[in-house]
Amino acid sequence: MNLRQRFAELLQIITKDIPEREYYVQLGFLTALIQEPFYLYGRPGCGSSLFIRRISSAFKDAKILKLGKKTKAAPRQHQRL
């Protein structure tokens, strides 16, 4: 089995039972694979924790920084007068 086939099989396992969001899981996996940070944000119940668990399960020593819940609105930009 070549590397491309192994990645395809791994991505198929990771995205199992996640309908309509396979692209986001694949993007997160590939970003983690090249060791680049990424930020995952979503409303409660949207599946972001599931995504992280699935993606991190593909790596031995996954480094995950959980920021917690965002309770404040984004800061407003000041308009110039």
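Refer to the structure above for everything that follows.
All figures in this text were calculated on a predicted structure; none of them were measured in a lab.

A.B. asks: Run through the packing of aromatic side chains, naming residues and quoting values.
C.D. replies: Two aromatic rings, taken as a pair, are described by how far apart their centres are and by the angle between their planes. Evaluated as defined, the whole model comprises 2 aromatic pairs. Ring centres 6.2 Å apart and planes at 70° place the aromatic pair Phe-7 and Phe-29 in the edge-to-face group. One end of the pair, Phe-7, is in helix α1 (residues 3-14); the other, Phe-29, is in helix α2 (residues 22-33), with 22 residues separating them in the sequence.

A.B. asks: Mind laying out α2, listing which residues take part and the relevant values?
C.D. replies: Between its first and last C-alpha, α2 extends 16 Å over 12 residues, near the 16 Å set by a 1.5 Å rise per residue. Buried within α2 we find Val-25, Gly-28, Phe-29 and Thr-31. For α2, the arc enclosing every buried residue in end-on projection is 165°, short of the 170-degree limit, so these residues lie on one face. Here the buried face of α2 lies against α1 and α3 (48-56).

A.B. asks: Any chance you could break down the environment of Leu-40 for me, citing the residues and the numbers?
C.D. replies: Structurally, Leu-40 is set in the loop between α2 and α3. For Leu-40, a relative accessible area of 32% puts it in the partly exposed group. The spacing of Leu-40 and Gly-28 is 12 residues in sequence and 8.6 Å in space, taken between C-alpha atoms.

A.B. asks: A description of a nonpolar patch on the surface should follow, citing residues and the corresponding values.
C.D. replies: Where nonpolar side chains cluster on the molecular surface, the patch consists of Tyr-23, Tyr-24 and Leu-27 and spans about 360 Å² of accessible area. Position of Tyr-24 relative to the elements: it lies in helix α2.

A.B. asks: Can you tell me about unusual backbone geometry, naming the residues and giving the values?
C.D. replies: With phi around 60°, Gln-35 is a residue other than glycine that occupies positive phi space. With respect to the helices and strands, the residue Gln-35 is situated in the loop between α2 and α3. Judged by relative accessible area, which is 70%, Gln-35 ranks as exposed.

The rules behind the values
Residues numbered from 1 in each chain as written. Predicted model: local features only at pLDDT ≥ 70, side-chain atom pairs only at ≥ 80, totals over all residues. Heavy atoms only, no water. Phe/Tyr/Trp six-rings, centres within 6.5 Å; stacked < 30°, edge-to-face > 60°. Helix = DSSP H or I, 4+ residues; strand = E, 2+ residues; numbered from the N terminus. Expected span 1.5 Å × (residues − 1). Buried < 20%, exposed > 50% of the residue type's maximum accessible area, 1.4 Å probe, protein only. Arc of directions from axis to C-beta. Contact = heavy atoms within 4.5 Å. Patch = residues over 30% accessible without salt bridge, like charges linked within 9 Å, V, L, I, M, F, W, Y side chains within 5 Å. Areas by Shrake-Rupley, 256 points an atom, 1.4 Å probe, with all protein chains shown as cover. Salt bridge = Lys/Arg side-chain N within 4 Å of Asp/Glu carboxyl O.

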